[in-house]
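Spelled out, the chains give:
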Amino acid sequence: MSDSVYTKVLKQAADLEGSTQALAARLRVPENTLLRWMSGRAQMPLQAFLNAMEFVAAREQQNAEQVAPASDEKLTFKIGPVLARCASCEGTEFRRADPAHPLHYARNLACRSCGTEVKYGTLVVELAKETSIHARSRLAAIKRREAERQERTRLRLVKGTRQE
């Protein structure tokens, strides 16, 4: 499965923590569960993601004085079908607000369309929340369609019984 924001944050957190076992202990989950999240084979609860993000952002803040080469990169952030969007103009492309600094969750990004700045970590958390809402609405739609299908089947059976 391809890397998503979730899997990237977890891999980064595991690297910072030193091992997946240590990260699993930090997040208070079995290591096998963490490994399924990291591989994208299981959906990670939003709260666990927020805890991992908080940990990575705090570590990045401690090591924030590294300098990266300047760049005019186009950054997009996606989980499944959901793209991170600018709160002002709904743009989906961002750049580092200060290209001289590396991409860290505590640093600002700027929308490439309107220039509005947002903290990278905040953008990723909002993307995770939006993805969670999207997943719940998709699940509700699937359940609704299944209930409708079962009702049609039940009505056909009742109708067939009356005709006999």
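See the structure shown above.
Basis of the calculations
- Residues numbered from 1 in each chain as written.
- Predicted model: local features only at pLDDT ≥ 70, side-chain atom pairs only at ≥ 80, totals over all residues.
- Heavy atoms only, no water.
- Disulfide = S-S within 2.5 Å.
- Buried < 20%, exposed > 50% of the residue type's maximum accessible area, 1.4 Å probe, protein only.
- Phe/Tyr/Trp six-rings, centres within 6.5 Å; stacked < 30°, edge-to-face > 60°.
- Helix = DSSP H or I, 4+ residues; strand = E, 2+ residues; numbered from the N terminus.
- Salt bridge = Lys/Arg side-chain N within 4 Å of Asp/Glu carboxyl O.
- Contact = heavy atoms within 4.5 Å.
- Polar contact = N/O pair within 3.5 Å; in protein donor to acceptor, adjacent residues only side chain to side chain.

Asker: In this structure, what is going on with the state of the cysteines? I would like to understand it.
Answerer: Defined simply, a disulfide is a covalent bond joining two cysteines at their sulfur atoms. Considering all chains together, one arrives at zero disulfides under this definition. For C111, which is in no disulfide, the shortest distance to another cysteine sulfur is to C89 and amounts to 3.5 Å. Of all cysteine sulfurs, the one in C86 lies closest to C114, which takes part in no disulfide; the gap is 3.6 Å. Overall, the relative accessible area of 38% leaves C114 in the partly exposed class.

Asker: Before we go on, may I ask you to explain the packing of aromatic side chains in this structure?
Answerer: Think of a pair of aromatic rings as described by two things: how far the centres are apart, and how the planes are tilted against each other in angle. Counted under the stated rule, the structure contains four aromatic pairs. Note on F77 and Y120: the rings are 5.1 Å apart at their centroids and 40 degrees apart in plane angle, and the pair reads as tilted. Of this pair, F77 sits in the loop between α4 (46–62) and β1 (78–79) while Y120 sits in helix α5 (residues 120–163), and the two are 43 residues apart along the sequence. Across the pair, Y120 and F77 agree in class, each one buried. Put simply, the rings of F77, F94, Y105 and Y120 touch in pairs and so form one group of aromatic residues.

Asker: It is not clear to me how the pattern of salt bridges should be interpreted in this structure. Could you clarify?
Answerer: Where side chains of opposite charge bring their charged atoms close, a pairing between them can arise. The final tally for this structure, using the stated rule, is seven salt bridges. Between R96 and E73 there is a salt bridge, with the nearest N and O atoms lying 2.5 Å from each other. One end of the pair, R96, is in strand β3 (residues 94–96); the other, E73, is in the loop between α4 and β1, with 23 residues separating them in the sequence. When the shortest N-O distance is used, the salt bridge between E151 and R154 registers 2.6 Å. Taken together, the residues span about one helical turn, with E151 and R154 both in helix α5 at a distance of three residues. Classification of E151 by relative accessible area gives partly exposed; the value is 35%.

Asker: Please explain the environment of Y105 as it appears in this structure.
Answerer: Relative to the helices and strands, Y105 is located in the loop between β3 and β4 (108–111). Look at Y105 and you get buried, because its relative accessible area is 5%. Placed 22 residues apart in sequence, Y105 and L83 show a C-alpha to C-alpha distance of 17 Å. For Y105, the residues in contact, after removing those within four places along its chain, are V9, Q12, M53, V56, A57, E60, K119, Y120, G121 and V124. Of the polar contacts made by the side chain of Y105, one reaches the side chain of Q12; its length is 3.5 Å.

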